[in-house]
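# Fold and contact review
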2 protein chains.
Amino acid sequence: MKLSKSTHYALHTMLHLTLSHAEGHTSVSKLAGHQQVSTTYLSKILTKLVKAGLIVSVPGANGGYKLKANWQETTLLDVIQAVEGLPPIFDYCEDHNPSCIIQQSIQKAEKNFLEELGTMKIADLAEEARNVPHH
Amino acid sequence: MKLSKSTHYALHTMLHLTLSHAEGHTSVSKLAGHQQVSTTYLSKILTKLVKAGLIVSVPGANGGYKLKANWQETTLLDVIQAVEGLPPIFDYCEDHNPSCIIQQSIQKAEKNFLEELGTMKIADLAEEARNVPHH
DNA sequence: CCTATTATAGATAATGTGTGTCTATAATAG
DNA sequence: CTATTATAGACACACATTATCTATAATAGG
Ligand code: SF4
Ligand code: SF4
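In short, a report on the structure.

### Remarks on the interface of chain A and chain B
- The interface is formed by 40 residues belonging to chain A together with 40 residues belonging to chain B.
- Counting across the chain A and chain B interface gives 2 salt bridges.
- When the shortest N-O distance is used, the salt bridge between Lys108 of chain A and Glu116 of chain B registers 3.3 Å.
- On the surface where chain A and chain B come into contact, there are 4 residue pairs in polar contact (both at pLDDT 80 or more).
- If you list the elements that add at least two residues to the side of chain A that touches chain B, you get helix H1 (5-19), helix H4 (76-84), helix H5 (101-117) and helix H6 (122-129) of chain A.
- Per-element tally for the side of chain A that touches chain B: the top contributor is H5 of chain A, with 12 residues.
- In terms of residue class, the side of chain A that touches chain B is made up of 23 nonpolar, 9 polar and 8 charged.

So this is what it looks like as structure tokens:
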């Protein structure tokens, strides 16, 4: 029961891209500079965000990454699922008995958890982060 | 982001012990017989439940496991935390910046998730399971 | 064009965790 | 005393995560 280190990198990158959105593209080397992660490893994670449609990439000189068109709508859930794939939290159960009370109970809690993450917009977090020192 | 297979075994065992609570102790070999798991492996998981105080063990002939005294209060959260340890879902963050907005947001959702699991009593699940075919 | 820059993709390795087995020990009932 | 049962430790295995290295493709600018 955890969120991976990769997800942590992705969330920080999304927060940074949102805060510096007006400045155009940002290269992976600059994005990695804000965290303790290599450029090659971070680039693999960012490619997942690109394929999920959360950010846009431009190769070549002066290229890099920027947020997608309607970036204001992106939520924590979008980023988490882009990196980790679709859940499920209750890993072992392969849905082979829909009437099972254990499965039902955990999936109910899981659903609420994901829905709450789906209401948390990166743009809102960035707005709050402007007012607070960050490391 | 997942719950382990061991947790699955633990939940099924707790459900079974609750359903057959009137019958006294049950040996690990019988409990393992209801699932596809070896006795030695399941016994390690059950020992965690014993140390967490959720069940009681008696060694020796005619020994086995039974639920603790006020077994009606045990929740899904109790079982999960007994097996997996205390969370955290957001693994990488070691609490080193309480003002971080990412940490705050995820911990808020996590707190609600755990609280919901804390309201789900095994005894209630067992009561519902009596009315439904189970595999 | 040519070159520097940048993203992408593949192969590969290191690490850690979950899963599982085997064996030995301790405790209890009869 | 013996059979039964829980507990504990050592160990092995599979798998996912993390990470590095290298090669390739695409773009900007001269
Ligand atoms: S018994 Fe229930 S929880 Fe276990 S695998 Fe089947 S459906 Fe899932
Ligand atoms: S920056 Fe925030 S989320 Fe990342 S490790 Fe620090 S406190 Fe945790």
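Text resumes after the structure shown.
### Side note on the packing of aromatic side chains
- In total, this model carries 3 aromatic pairs over all chains according to the counting rule given.
- Seen from their ring centres, Phe113 of chain A and Phe113 of chain B are 5.0 Å apart, and the 40° between their planes marks the pair as tilted. With Phe113 of chain A in helix H5 and Phe113 of chain B in helix H5 (residues 101-117), this pair bridges two chains. An identical accessibility class is assigned to Phe113 of chain A and Phe113 of chain B; each is buried.
- On the basis of an interplanar angle of 90° and a centroid distance of 6.4 Å, the ring pair of Tyr9 of chain B and Tyr41 of chain B is categorised as edge-to-face. One end of the pair, Tyr9 of chain B, is in helix H1 (residues 5-19); the other, Tyr41 of chain B, is in helix H3 (residues 39-51), and 32 residues separate them in sequence.
- Residue classification places Tyr9 of chain B among the buried positions, given a relative accessible area of 7%.
- A relative accessible area of 41% places Tyr41 of chain B in the partly exposed class.

### Examining the protein's contact with DNA strand C
- Inspection of the region around DNA strand C gives 27 residues, with Lys44, Ser57 and Tyr65 of chain A together with Lys5 and Ser38 of chain B positioned closest.
- When atoms of DNA strand C within 4 Å of the protein are sorted by moiety, sugar and phosphate together comprise 69%.
- Within the backbone of Val28 of chain A, a nitrogen or oxygen atom sits 3.0 Å from a phosphate oxygen of DNA strand C.
- Separating a phosphate oxygen of DNA strand C from a side-chain N or O atom of Tyr9 of chain B is a distance of 3.3 Å.
- Of all the elements, helix H3 (residues 39-51) of chain A adds the most residues to the surface near DNA strand C, at 5 residues.

### What to know about the packing of H1 of chain B against helix H6 (residues 122-129) of chain B
Residues and elements named next belong to chain B.
- Contact geometry for H1 and H6: axes closest at 9 Å, N-to-C directions at 70°. Comparing the axis directions of H1 and H6 gives the class roughly perpendicular. Only Ile122, Ala123, Leu125 and Ala126 of H6 make contact with H1, whose side of the interface consists of Met14, Leu15, Thr18 and Leu19.
- The residue makeup of the contact of H1 with H6, split by class, is 7 nonpolar, 1 polar and no charged.

### Topic: the relation of the copies chain A and chain B
- After a rotation of 180° and a shift along the axis of 0.0 Å, chain A superposes on chain B with an RMSD of 0.1 Å. Seen this way, the second copy is the image of the first under a two-fold rotation axis.
- The share of interface residues of chain A whose copies in chain B are also at the interface is 100%, consistent with both copies meeting through the same surface.

### Thoughts on the environment of Ile55 of chain B
Residues and elements named next belong to chain B.
- For Ile55, the position within the fold is in strand E1 (residues 55-58).
- Considered as a pair, Ile55 and Ala69 are 14 residues apart in the sequence and their alpha carbons are 8.5 Å apart.
- Here Ile55 is in contact with Met14, Leu17, Leu46, Leu49, Val50, Tyr65, Lys66, Leu67 and Lys68, once residues within four sequence places are set aside.

### Here we look at the protein's contact with DNA strand D
- Surrounding DNA strand D, one finds 27 residues, the nearest of these being Lys5, Ser6 and Ser38 of chain A together with Ser57 and Tyr65 of chain B.
- Looking at DNA strand D alone, sugar and phosphate atoms form 67% of those within 4 Å of the protein.
- Within the contact set of DNA strand D, a base oxygen lies 2.8 Å away from a side-chain nitrogen or oxygen of Lys44 of chain B.
- Between DNA strand D and Thr47 of chain B there is a distance of 3.3 Å, counted from a phosphate oxygen to a side-chain nitrogen or oxygen.

Calculation criteria
Within each chain, residues carry numbers counting from 1 in the order of the written sequence. The order in which chains are written sets their letters, starting at A; the order in which ligands are written sets their numbers, starting at 1. In view of the model being predicted, local features appear only for residues whose pLDDT reaches at least 70, and side-chain atom pairs are presented and counted only at 80 or more, with totals across whole chains, interfaces and linings using the full set of residues. With hydrogens and water stripped out, all remaining heavy atoms of the structure feed into the side-chain values. The contact criterion used throughout is that any non-hydrogen atoms of two residues lie within 4.5 Å. One speaks of a salt bridge when a side-chain nitrogen belonging to Lys or Arg is within 4 Å of a carboxyl oxygen belonging to Asp or Glu. Any N or O atom pair separated by 3.5 Å or less is treated as a polar contact, with the protein-specific requirement of one donor-capable and one acceptor-capable atom, and with residues adjacent in sequence counted only for side-chain atom pairs. The helix and strand labels rest on DSSP assignments: H or I over at least four residues marks a helix, E over at least two residues marks a strand, and numbering proceeds from the N terminus. Three residue categories are used. Nonpolar comprises Ala, Val, Leu, Ile, Met, Phe, Trp, Tyr, Cys and Pro, charged comprises Asp, Glu, Lys and Arg, and polar comprises the others, including Gly. Only Phe, Tyr and Trp rings are paired, with Trp represented by its six-membered ring, and only when their centres lie within 6.5 Å; those with planes under 30 degrees apart are stacked, over 60 edge-to-face, the remainder tilted. Only protein chains enter the accessibility calculation, which uses a 1.4 Å probe. A residue is then buried if its area is under 20% of the maximum for its type, exposed if over 50%, and partly exposed in between. We define proximity as follows: a residue is near a molecule or strand when any one of its heavy atoms falls within 4 Å of that partner. Axis definition: a line fitted to C-alpha atoms, limited for helices to the stretch in contact. Angles are taken between N-to-C directions and run from 0 to 180 degrees. Here the word oblique covers every angle except those under 35 degrees (roughly parallel), over 145 (roughly antiparallel) and from 65 to 115 (roughly perpendicular). Residues below a pLDDT of 70 in either copy are left out; the C-alpha atoms of the rest, at least 70 in both, set the least-squares superposition of the copies.

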